[in-house]
Amino acid sequence: DIQMTQSPSSLSASVGDRVTITCRASQGISIYLAWYQQKPGKPPKLLIHSASTLRSGVPSRFSGSGSGTAFTLTISSLQPEDVATYYCQKSAYDPPWTFGQGTKVEI
Amino acid sequence: EVQLLESGGGLVQPGGSLRLSCTASGFTFSSYAMTWVRQAPGKGLEWVSSISDYGQSTYYAESVKGRFAISRDNSKTTVYLQMNSLRADDTAVYYCVKAPGSGWYSDYWGQGTLVTVSS
């Protein structure tokens, strides 16, 4: 099975900072990666699919990049409402469609 | 508006069974694969099971294979998760999620239903 590893597991940054979260796949998955945001007590929300396609309605300060085994989620200017845990997920090829372990973002 | 409403969660003893249901609305249910994802208390997300649009293909995580069964009734726009031989480590919030037209990510999530396995 392909493993998904996120780093860091948590981070603290200031409002306005640029924040980068990394997700690595144990084997190449082309661009088949999604990113989710989960706020406490709420279900996750899709932010990005196909590694870099921003879902409609998601603020443009969020962006994704990468292909193969290395991917990044970037928040260009961190806002208070971005406090959440972020997950990556392998989104194609054979199951399991594994999630990363999550990155908790705090201010 | 897409809505996914889970039901059927609750407290069950180890070794017991439970059936979760998820009723969907706001989209053409029979055109999309559906998935169950769970989250143990304070833990991350775990993909559990998926079913194709007409139910012809089903997929399971190793942790639930042989114990859980996913099914769907397109006439009722409902997807089910039959959970047997439940263990303490199955305790989690179970989310019903909709897949997009291509790929196995999740574009819409339900609010989740809590399953607690405890004596």
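To be clear, the structure that these remarks concern was listed above.
Residues numbered from 1 in each chain as written. Chains lettered and ligands numbered in written order. Predicted model: local features only at pLDDT ≥ 70, side-chain atom pairs only at ≥ 80, totals over all residues. Heavy atoms only, no water.

(A) Broad picture of the packing of aromatic side chains. Inspection of the entire model under this criterion finds 12 aromatic pairs over all chains. Seen from their ring centres, Tyr32(A) and Tyr93(A) are 5.4 Å apart, and the 85 degrees between their planes marks the pair as edge-to-face. Of the two residues, Tyr32(A) is situated in the loop between strand 3 (19–25) and strand 4 (33–38) and Tyr93(A) in the loop between strand 9 (84–90) and strand 10 (103–106); the sequence distance between them amounts to 61 residues. Ring centres 6.2 Å apart and planes at 50 degrees place the aromatic pair Phe27(B) and Phe29(B) in the tilted group. If you follow Arg55(A) out to its NZ or CZ, it ends over the ring of Tyr108(B), 4.5 Å from the centre. (Phe/Tyr/Trp six-rings, centres within 6.5 Å; stacked < 30°, edge-to-face > 60°. Helix = DSSP H or I, 4+ residues; strand = E, 2+ residues; numbered from the N terminus. Lys NZ or Arg CZ within 6 Å of the ring centre and 35° of its normal.)

(B) Layout of the side chain of Gln89(A). If you trace the backbone, Gln89(A) turns up in strand 9. Side chain to side chain, Gln89(A) and Tyr36(A) meet in a polar contact 2.6 Å long. There is a polar contact of 3.0 Å between the side chain of Gln89(A) and the backbone oxygen of Trp97(A). Gln89(A) has contacts with Tyr32(A), Leu33(A), Ala34(A), Tyr36(A), Trp97(A), Thr98(A), Phe99(A), Trp104(B), Tyr105(B) and Ser106(B), leaving out every residue within four places of it along the chain. (Polar contact = N/O pair within 3.5 Å; in protein donor to acceptor, adjacent residues only side chain to side chain. Contact = heavy atoms within 4.5 Å.)

(C) Up close: the state of the cysteines. All names here are of chain A. Enumeration over the complete set of coordinates arrives at two disulfides over all chains. Between Cys-23 and Cys-88 runs a disulfide, and the two sulfur atoms are separated by 2.1 Å. As the torsion about the S-S bond is roughly 70 degrees, the Cys-23-Cys-88 disulfide counts as right-handed. With Cys-23 in strand 3 and Cys-88 in strand 9, this pair connects stretches of sequence that are 65 residues apart. Pair check on accessibility: Cys-23 and Cys-88 agree, each one buried. (Disulfide = S-S within 2.5 Å. Buried < 20%, exposed > 50% of the residue type's maximum accessible area, 1.4 Å probe, protein only.)

(D) Summary view of the environment of His49(A). Locating His49(A) in the fold gives a position in strand 5 (residues 45–49). Considered as a pair, His49(A) and Ser91(A) are 42 residues apart in the sequence and their alpha carbons are 8.3 Å apart. If near-sequence neighbours (up to four positions away) are discounted, His49(A) is found in contact with Leu33(A), Ala34(A) and Tyr105(B). In this structure the side chain of His49(A) is engaged in a polar contact, spanning 3.1 Å, whose partner is the side chain of Ser50(A).

(E) A look at the nonpolar core. With 43 residues, the main nonpolar core has Trp36(B), Val79(B), Leu81(B), Met83(B) and Tyr94(B) as its most contacted residues. For this core, the secondary-structure elements that each account for two or more residues are strand 4 of chain A together with strand 3 (18–25), strand 4 (34–39), strand 5 (45–51), strand 7 (68–73), strand 8 (78–83), strand 9 (92–98) and strand 11 (113–117) of chain B. Residues contacting Met83(B), with those up to four places away along its chain left out, are Gly16(B), Ser17(B), Leu18(B), Leu20(B), Arg67(B), Phe68(B), Tyr94(B) and Val115(B). The next biggest cluster of nonpolar side chains, apart from the first, holds 24 residues, and it includes Leu11(A), Val19(A), Ala25(A) and Trp35(A). (Core = buried A, V, L, I, M, F, W, Y, C linked by side-chain atoms within 4.5 Å.)

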